[in-house]
Each structure stands twice: as C-alpha cells, then as structure tokens.
Amino acid sequence: MPLVSQANQRIVDHVLTGLAHDYEQQDFVGLELAPAVPVGEHGGNIIQFDDSHFEAADFTRAPGAEFRTIQSGYEGRPFKLKYKGGDYSVPMETSQDTMRLGIDWDLHATTLLMERLLHEHERETASVFTTTGNYATTHRAALSGADQWNSGTADITTQIRDAIGTVGRESGSERNLVLWMGRDVFHALRQDASIRGNFGLIGDSASTANRLLTAPMLASYFEVEKVVVGTAVTKDQTGAKNYIWGNFAGVCKVHPSALTAGNPRSVVPQNSVNRHEAAFAYTYTLQAGGKVDGNTGRVTGGRPHPQIQEPWYDKRTESMIYRVVYDRSVELVGMDFGYLFSNVLA
C-alpha cells in the first residue's frame with residue numbers, strides 16, 4: 001500500500017486507476033444510453049445535432065469551383081464539467097482488526113467509490129432522460145387510462161413503433177435506436193398478451209412461467225438495436241426506496257460504436273466513440289492533458305478520468321485515505337433524437 005506524506009499531492013495510482021477503468025456495475029445503464037466521450041478541458045461548447053445532416057444538398061461542382069463544405073453537428077450551448085470526486089477512509093484500527101481476514105483495502109475502496117460515483121451518474125442520466133422539458137411536444141406522451149401499458153387494452157406495439165418512427169424521421173434513419181424503460185415497465189411489457197401472442201406465447205406469464213419474453217426478444221420484435229432496462233434503486237432522504245428509472249420508457253439514438261463496444265458501459269471513453277456522431281445524450285468526461293484534433297474532434301493523449309490518487313496516511317484521523325477524481329457531465333445533445341413515455345403504468 002503506497003504512502004504519500006501530503007494528502008493534497010495529486011499523484012495518480014495507475015494500478016488502482018486501472019481497476020476503476022475496468023469497473024462495471026450491471027445494474028447501471030446510464031453509460032450505455034449516454035456513452036462517455038472525452039473532452040480536453042472543463043468547459044467549452046457542446047456539439048449539438050439537428051436534422052441538417054440529411055437535408056437535400058447538391059454536391060455538383062464546376063471544374064475549378066469550390067467544393068461544398070459540410071459539418072457534423074454545430075457548436076451549441078456552453079458546457080461546464082462538474083468537478084466530481086470522493087474519499088474513502090480506512091481507520092488504522094479497522095485495518096489492524098481485519099488484517100487476519102486478508103481484506104484487500106485497495107480493491108475494496110476503489111470498488112465502493114466507483115459504485116457510489118456511478119450511482120450518482122445513473123441518477124443524473126435518468127434525470128436527463130425522464131425530464132419532459134428535454135423533449136419537443138411531439139416527442140413525448142403522458143399515458144393515461146386505456147393507453148397505459150398495464151391496462152390490458154393499450155396498443156403498446158403501435159405506441160412504440162410510432163415513437164421509433166418519430167425519432168427516425170428527425171434523425172434521418174432508424175438505425176442505432178435503443179428502447180429503454182424502468183424495471184416495472186419492462187415487466188408489464190413482457191407480459192402484454194398481444195405482444196406475447198406474436199411469439200406464440202398465449203396467455204399471461206403465470207401460465208407460461210418459464211417462457212417469459214426477454215430483452216433481446218423484444219429488441220428483435222420492435223426492430224431496435226437493444227432494449228435497455230434500468231433496475232438500479234435509490235433511497236431518498238425519507239428512507240423510501242425507488243427504482244431510479246421509475247415509471248418511464250423511451251426511444252433514443254445512441255452512438256453506433258457504443259452499441260457494439262466490448263464494454264458498452266465503460267467509464268472510460270472508447271477510442272471509436274466521439275461526440276461528433278449524432279445521438280441523444282453523451283457523458284462528457286475529462287481527459288486531463290489531452291489534445292483535441294481539429295479535424296476529427298478526437299481527444300488524444302492525456303489521462304482519462306476517473307483517476308485514483310495514491311492513498312495517503314492522514315495523521316489527524318490515523319486513517320488511510322483513498323480518493324477518486326471523476327470530472328464529467330451528462331449532456332443532452334440531440335433533443336429531437338429521443339422520445340419519452342411518462343406515467344406508463346397505472
């Protein structure tokens with residue numbers, strides 16, 4: 001366990017940082033819907049997207065004439081990364097009392113810090129995706145009565161396919177679309193008699209308990225790249241526990257490389273994922289010391305967050321301190337590249 005005499009020294013522990021970069025929490029889907037993309041500074045302008053990338057254009061040119069110039073997205077509103085980070089304290093008394101148990105405090109501290117930081121990211125991402133004001137009026141539907149998915153009368157298939165068509169028209173194609181929803185919404189969807197009938201599963205799930213519809217089956221049925229289900233739980237200040245993704249569902253466009261990446265929920269920006277590709281949302285993540293390529297928008301070099309500093313001994317509390325620094329911000333970049341269903345279940 002490396003020691004650093006001054007708590008404020010910002011020395012990166014590369015081994016522990018590697019553990020943080022490999023961390024994946026199966027319950028969290030925020031980075032799957034809003035993939036991490038690198039930015040070289042804490043502030044700048046968001047690259048936003050509209051329907052201009054598929055407008056009719058004439059690329060015919062006369063000999064010697066200038067070429068028509070196009071761009072990917074446009075510089076929109078400013079962004080400012082949020083400074084994020086946390087400490088984990090291991091009192092020396094605890095370390096000594098548990099020494100015979102062989103606890104790896106380096107691994108334990110890294111895992112717990114990443115879990116808490118990504119839990120916060122999950123809540124932030126869900127807030128962006130479930131806020132009705134983040135969608136145009138034609139890209140959202142507040143369900144009620146017979147249209148709610150557990151009413152037994154809702155035409156869920158038509159609702160979802162209409163939403164897919166809406167996003168497809170605004171984004172130029174129906175490629176790279178994801179259908180996302182909260183846990184309870186997913187369980188209502190997979191038990192819908194009409195949808196089950198299309199798979200030859202007649203009756204409710206109680207009579208065919210071993211033949212429930214799965215997320216991949218539903219993705220194939222609705223012809224989307226993936227069905228993503230948010231199952232993470234949060235506890236509020238009153239002690240009440242609720243599912244983070246709540247009573248919502250939606251359709252969104254996601255970067256194609258993020259959909260096919262080996263780890264689609266990677267906290268570290270993937271080399272093939274950059275913010276110049278049209279999408280609904282991204283997690284802008286600091287790549288400290290990185291340089292932005294003016295032609296491709298890719299950030300090269302530098303050290304991507306999250307970073308874990310070398311643990312140090314705090315004399316005041318006689319404790320070892322572990323610190324994770326994870327500067328980032330979830331940004332809405334393509335307002336018309338998403339569709340929201342709210343109040344999905346009665």
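Structural data are supplied above this passage.
Quick caveat: nothing in here was measured; it's all calculated off a predicted structure.

> Run through the overall build of the chain, naming residues and quoting values.
When you go through the chain residue by residue, the secondary structure sums to 9 helices and 19 strands. For the chain, the proportion of its 346 residues judged to be buried stands at 49%. A separation threshold of at least 6 residues defines the contact pool for the chain, and within that pool the share at least 24 residues apart is 78%. Only carbon and sulfur atoms are counted for the fraction: they give 48% of the accessible area of the chain, which is about 17,300 Å².

> Please set out the packing of aromatic side chains residue by residue, giving values where relevant.
Here the structure, examined in full by the defined rule, presents 10 aromatic pairs. Taken together, a centroid distance of 5.9 Å and an interplanar angle of 85° make the contact between Phe129 and Trp180 edge-to-face. In this pair, Phe129 sits in helix H4 (residues 105-130) while Trp180 sits in strand S6 (residues 177-182), placing the two residues 51 residues apart along the sequence. The residues Phe129 and Trp180 share a single accessibility class, namely buried.

> With reference to specific residues and values, describe the sheet that holds strand S19 (residues 338-342).
Pairing in this open sheet of 5 strands is mixed, and the strands run S5-S19-S10-S6-S7 from one edge to the other. Strands at the two margins of the open sheet, each flanked by one partner only, are strand S5 (140-142) and strand S7 (226-230). For this sheet the average axis-to-axis angle between neighbouring strands, irrespective of direction, equals 10°. Relative to S19, strand S10 (residues 248-253) runs antiparallel, the two being bridged by 5 bridges. Its bridge partner lying in S19, Cys252 is registered against Gly338.

> Go over the nonpolar core, please, and point to the residues and values.
Counting residues in hydrophobic clusters, the biggest one holds 41 residues, and the most contacted among them are Leu33, Phe129, Trp180, Trp245, Cys252, Phe280 and Tyr322. Of all the secondary structure elements, the ones that give two or more residues to this core are helix H2 (30-33), strand S4 (85-91), H4, S6, helix H9 (256-260), strand S17 (319-325) and strand S18 (328-332). The residues contacting Cys252, other than those within four sequence positions of it, are Leu33, Phe129, Asn176, Leu177, Val178, Trp180, Phe280, Phe337 and Gly338. Judged by nonpolar contacts, the second largest core, of 33 residues, contains Ala141, Phe186, Tyr339 and Phe341.

> An account of helix H5 (residues 156-171) is needed here, citing residue identities and associated values.
Over its 16 residues, H5 extends 23 Å from the first C-alpha to the last, a length consistent with the 22 Å expected when each residue adds 1.5 Å. For H5, the complete set of buried residues consists of Ile156, Thr157, Gln159, Ile160, Ala163, Ile164, Gly165, Thr166, Val167, Gly168 and Ser171. On the buried face of H5, the contacting elements are S6, helix H6 (183-189), helix H7 (193-198), helix H8 (215-222), S10 and S19.

> Describe the pattern of salt bridges, with residues and values.
Across all of its chains, the model carries 9 salt bridges by this definition. Residue Glu331 pairs with Arg77 through a salt bridge whose shortest N-O separation is 3.2 Å. Highlighted residues: Glu331 in strand S18 and Arg77 in strand S3 (residues 74-80), separated in sequence by 254 residues. Assessed through its relative accessible area of 6%, Glu331 is described here as buried. A relative accessible area of 36% means that Arg77 is categorised as partly exposed. The shortest N-O distance in the salt bridge between Arg323 and Asp87 comes to 2.6 Å.

> Describe the environment of His108, and please don't skip the residues or the numbers.
Within the secondary structure, His108 sits in helix H4. Residues His108 and Tyr88, spaced 20 residues apart in sequence, show a C-alpha to C-alpha distance of 9.6 Å.

The rules behind each value
- Numbers given to residues run from 1 along each chain, matching the order in which its sequence is written.
- Local features in this predicted model are restricted to residues whose pLDDT is 70 or higher, and side-chain atom pairs enter the listing and the counts only when it is 80 or higher, whereas totals over whole chains, interfaces and linings include all residues.
- Here the side-chain values reflect all heavy atoms present in the structure, with hydrogen atoms and water set aside.
- Each helix corresponds to a stretch of at least 4 residues labelled H or I by DSSP, and each strand to a stretch of at least 2 residues labelled E; elements are numbered beginning at the N terminus.
- A simple rule labels every residue: compare its accessible area, found with a 1.4 Å probe on the protein chains alone, to the largest value its type can have, and call it buried under 20%, exposed over 50%, or partly exposed in between.
- The contact criterion used throughout is that any non-hydrogen atoms of two residues lie within 4.5 Å.
- In these tables, accessible area is a Shrake-Rupley quantity obtained with a 1.4 Å probe, and a residue counts as shielded only by the protein chains included in the view.
- Two rings belonging to Phe, Tyr or Trp (six-membered ring only in the last case) form a pair when the distance between their centres is within 6.5 Å. Interplanar angles under 30 degrees mark stacking, angles over 60 mark edge-to-face geometry, and anything in between is tilted.
- Think of it this way: DSSP has to see at least two bridges between two strands before they count as a pair.
- Note on definitions: angles span 0 to 180 degrees between N-to-C directions of axes, and those axes are lines fitted to C-alpha atoms, for helices only across the stretch in contact.
- Buried residues of nine kinds, namely Ala, Val, Leu, Ile, Met, Phe, Trp, Tyr and Cys, make up a nonpolar core once their side-chain atoms join them within 4.5 Å.
- By this rule the span expected of a helix is its residue count minus one, scaled by 1.5 Å.
- Salt bridges are counted wherever a side-chain nitrogen of Lys or Arg sits within 4 Å of a carboxyl oxygen of Asp or Glu.

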